[in-house]
Amino acid sequence: MSQSSTTFSLLNPTKITPFKLLLRPTFSRYPSITAVRSEPKSTPHSNNLNLTVAESQLISPVIPESSYSSSSSILEVDRVSSSEIKENGFRSTRRTKLVCTIGPSSCDFETIEGLARGGMNVARLNMCHNTREWHKVVIEHVKKLNEEMGFAIAILMDTQGSEIHMGDLDGASSVKAEDGSIWTFSIRTFDASHPERTISVSYDGFAEDVKVGDELLVDGGMVRFEVVDKIGPDVKCLCTDPGLLLPRANLALWRKGRLVQQHNSMLPTITSQDWLDIDFAIAEGVDFIALSFVRSADTINHLRSYIAARSPNRDVAVIAKIESVDSLKNLEEIIQASDGAMVARGDMGSQIPLEQVPFAQQKIVQLCRQLNKPVIVASQLLESMIEYPIPTRAEVADVSEAVRQQADALMLSGESAMGLFPDKALAVLRSVSLRIEKRCREDNLNEELELTSISTSFPDVIKEEICSSAAKIASRLQVDALFVYTTDGQMASLLSRWRPDCPVFAFTPTASVRKQLNLLWGLIPFRLNFSEDMDSNLNRTFSLLKIKDMIKSGDRIVAVSDMLQSIQVRTVP
């Protein structure tokens, strides 16, 4: 096949015909995005990154599936993503991922399947509620969906943590606290049912620590009480802000406008109960473990080393829940040590003034993107939909802001776990995400963030530069999709970090990597065995995707791989 060198500018894409880009070994920290004719000698300290373009005929004919072994010809893709692409095209696919907490309202197989078809990317298990046996059944349901119906739903287990919380409400899913009612918070252990309006507290020093006049916030301030009396192990409280009390809700104590933290410093971040839950999660093969009330990076590192020892052949990602004053103080070191973060706004709102929560959310989202860690915005996104079939306008505005900030994922908590309309709450998140993403792309409303290099080794720097250039090329040429062939998911995450205009098709041979990639913004993860021959991979991928009606002749893609230091631009034959 004859080739001729040519010079082109990415600012003038109308002159470009189908071509292949080869990223030469020369390297710079700040590559040019204009290709040049010159071909200098390759040196590791070159000051210019040259992209030489080989102008050629169209790629060789697509190799039929029958030319490959049956195992290598299998292409697994999430059916929801496949349907979105078929119906709406590449650029209308949803980029923001959706996490659903599974609870009493959503634990049966049919409801979980409905959530999966509705766009759920990650199923969350909250170990504050229900037994391990109950959670095991949910895990089996999710695995069945993945294995038999082609989904790639990841499983996230959320630890209970050591903060003060209420006990179970005698089996009730919720109890209404009325304005002006008197309630008793007690450290007693009750053999039978609790007396009326009596709630057990997990912290033995609770009655000693509180003072008359203190304010008690339940579940991040969803219900508020004032301490009016102390009688031995019992604390009498007046309900000042009525609301719904949920089992094992967190409690925060405020005194004279300040959070009382003395008891927090004496409690371990990971309790003995948490360690048992973590063992359970590792044994059941969950994909993420979310650690509650993280105070420092040391706890994250301790957990990661424990997971590595218990499960050396499988990576379980650790998500740091940012929900306390201590976690905000040590924010960067915690996120750096973790595999991702969750903005747990409910408990955070009980630890810092409410008006500071939006700024904290924005800071966490931006820092996670800068450090290339996925971030989940959680808590009270559509709280009213626990009881009502439509959200408030303020809730929609809140969700829209998180989408505009380009957080990787949004999470439903009580809305899907115990709400009356879990499917409708998910549908609202999905529709708002799609609408706001489209508007932000069309009107350039997304938050601009200047990303700096995060790599510490030369090979990682090369990968980072390749992904940066590929994302810029894809946006300038307005290609239909980015393809990345990755064994460990690193280059896929780097592409996601740049938030390209088009979706990223991430091909990986490993099921666990595919599920973890399902949490990252803009990625559509596929399971596919591939070789080191990039032409062969692309030809076979085109063939398989065309069979599924996910691409068509004339579509243009940019492709990268963690096996080869190259960027290729192809037109589907």
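In case you missed it, the structure is sitting above this.
Residues numbered from 1 in each chain as written. Predicted model: local features only at pLDDT ≥ 70, side-chain atom pairs only at ≥ 80, totals over all residues. Heavy atoms only, no water.

Enquirer: Summarise the overall build of the protein chain; cite the residues concerned and give the values.
Expert: If you tally the helices and strands in the protein chain, you get 17 helices and 26 strands. Counting all 573 residues of the protein chain, 57% fall into the buried class. With the model as given, the accessible surface of the protein chain reaches about 24,000 Å², and the carbon-plus-sulfur share is 50%. (Helix = DSSP H or I, 4+ residues; strand = E, 2+ residues; numbered from the N terminus. Buried < 20%, exposed > 50% of the residue type's maximum accessible area, 1.4 Å probe, protein only. Areas by Shrake-Rupley, 256 points an atom, 1.4 Å probe, with all protein chains shown as cover.)

Enquirer: Tell me about unusual backbone geometry, and name the residues and values.
Expert: Positive phi is not limited to glycine here, since Arg 197 has a value of about 55°. Within the element layout of this structure, Arg 197 appears in the loop between strand E9 (182-186) and strand E10 (198-200). Assessed through its relative accessible area of 39%, Arg 197 is described here as partly exposed. If you check the backbone angles, Phe 293 has positive phi at about 50° while not being a glycine. Summarising the element assignment, Phe 293 is placed in the loop between strand E17 (288-291) and helix H6 (297-310).

Enquirer: Can you break down the sheet that holds strand E22 (residues 481-485) residue by residue, with the values?
Expert: Taken together, 6 strands build an open sheet; the order of strands is E4-E24-E23-E22-E25-E26 and the sheet is mixed. Looking at the sheet topology across the chains shown, the edges are occupied by strand E4 (76-77) and strand E26 (567-571). Strand direction decides the pairing type here: strand E25 (residues 556-561) and E26, joined by 5 bridges, are antiparallel. Note that in E26 the partner of Arg 556 across the bridge is Thr 571. Lying on the sheet, helix H14 (residues 458-477) is in contact with E22, E25 and E26; it crosses E26 at an angle near 30°. (Pairing = 2+ DSSP bridges. Contact = heavy atoms within 4.5 Å. Axes fitted to C-alpha atoms, helices over the stretch in contact; angles between N-to-C directions.)

Enquirer: Describe the sheet that holds strand E6 (residues 122-126), listing the residues and the values that go with them.
Expert: Taken in spatial order, the 8 strands of this closed barrel run E5-E6-E7-E17-E18-E19-E20-E21, and their pairing is parallel. Along the sheet, successive strands turn relative to each other by an average axial angle of 25°, direction set aside. Bridge count between E17 and strand E18 (residues 317-322): 4 bridges; the pairing is parallel. Residue Ala 290 lies in a different strand from E18, and its bridge partner there is Ile 319.

Enquirer: Hey, could you go over the packing of aromatic side chains for me, with residue numbers and the actual values?
Expert: A complete count under the given rule lists 10 aromatic pairs for this structure. Relative to Phe 225, the ring of Phe 185 has its centre 5.2 Å away and its plane inclined at 75°; by these criteria the two rings are edge-to-face. Within this pair, whereas Phe 185 is found in strand E9, its partner Phe 225 is found in strand E12 (residues 223-231), the two being separated by 40 residues in sequence. For Phe 185, a relative accessible area of 0% puts it in the buried group. One aromatic cluster is present, formed by Phe 483, Tyr 485, Phe 505, Phe 507, Phe 526, Phe 530 and Phe 542 through successive ring pairs. (Phe/Tyr/Trp six-rings, centres within 6.5 Å; stacked < 30°, edge-to-face > 60°.)

Enquirer: So, the nonpolar core: which residues are in play, and what are the values?
Expert: By size, the foremost hydrophobic cluster in this structure holds 76 residues, and its most contacted members are Met 120, Ile 289, Ile 364, Leu 382 and Leu 410. Counting contributing residues, this core receives three or more from each of domain 1 (1-162 + 269-573) and domain 2 (169-264). Every residue in contact with Met 120, bar those within four places of it in the chain, is listed here: Leu 98, Cys 100, Ile 102, Ile 112, Leu 115, Ile 153 and Leu 426. One finds Met 342, Ala 378, Leu 477 and Leu 495 within the second-largest nonpolar core, a separate group that totals 39 residues. (Core = buried A, V, L, I, M, F, W, Y, C linked by side-chain atoms within 4.5 Å. Domains from an automatic or database assignment.)

Enquirer: Residue-level account of the pairing of strand E15 (residues 251-255), with values.
Expert: Along E15, 4 of the 5 residues are buried, which leaves the element largely enclosed by surrounding structure. Bridge analysis of strand E11 (residues 215-218) against E15 gives 4 bridges, and the strand direction is antiparallel. If you follow Leu 217 over to E15, its bridge partner there is Ala 252. Here E15 hands over to strand E16 (residues 258-259) after 2 residues, with Lys 256 in that stretch at a positive phi of 55°.

Enquirer: Give a description of the packing of helix H11 (residues 393-404) against helix H13 (residues 422-443) that names residues and reports values.
Expert: Between H11 and H13, the shortest axis-to-axis distance is 9 Å and the interhelical angle comes to 50°. By the angle class used here, H11 and H13 are oblique. Every pair of crossing elements has a handedness; the one defined by H11 and H13 is right-handed. The segment H11 lies against H13, with Val 396, Val 399, Ser 400, Val 403 and Arg 404 engaging Leu 429, Val 432, Ser 433, Ile 436, Glu 437 and Cys 440. (Parallel < 35°, antiparallel > 145°, perpendicular 65-115°, else oblique. Left-handed = near helix turned anticlockwise from the far one by under 90°.)

Enquirer: Describe helix H5 (residues 272-284), naming the residues involved and giving the relevant values.
Expert: Look at H5: 19 Å from first C-alpha to last across 13 residues, which is about the 18 Å you get at 1.5 Å a residue. When we look at burial in H5, the residues that qualify are Asp 274, Asp 277, Ile 278, Phe 280, Ala 281, Ile 282 and Glu 284. Each element contacted by the buried residues of H5 is listed here: helix H3 (132-149), strand E7 (154-158), E17 and H6. At the exit of H5 stands Gly 285, carrying a positive phi of roughly 75°. (Expected span 1.5 Å × (residues − 1).)

Enquirer: If you had to explain the pattern of salt bridges to someone new, which residues and values would you point to?
Expert: Per the stated rule, a full pass over the model turns up 24 salt bridges. For Arg 124, the salt bridge goes to Asp 158, with nearest N and O atoms at 2.8 Å. Of this pair, Arg 124 sits in strand E6 while Asp 158 sits in strand E7, and the two are 34 residues apart along the sequence. Since its relative accessible area comes to 6%, Arg 124 is described here as buried. Asp 158 gets classed as buried once you look at its relative accessible area, which sits at 0%. Among the ionic pairs, Asp 287 bridges to Lys 515, the shortest N-O distance being 3.7 Å. Taken together, the positions of Asp 287 in the loop between H5 and E17 and Lys 515 in helix H16 (residues 511-517) put the pair 228 residues apart, joining distant regions of the chain. Accessibility classification places Asp 287 together with Lys 515 in one group, the buried group. The network of salt bridges with common partners includes Glu 76, Arg 514 and Arg 527. (Salt bridge = Lys/Arg side-chain N within 4 Å of Asp/Glu carboxyl O.)

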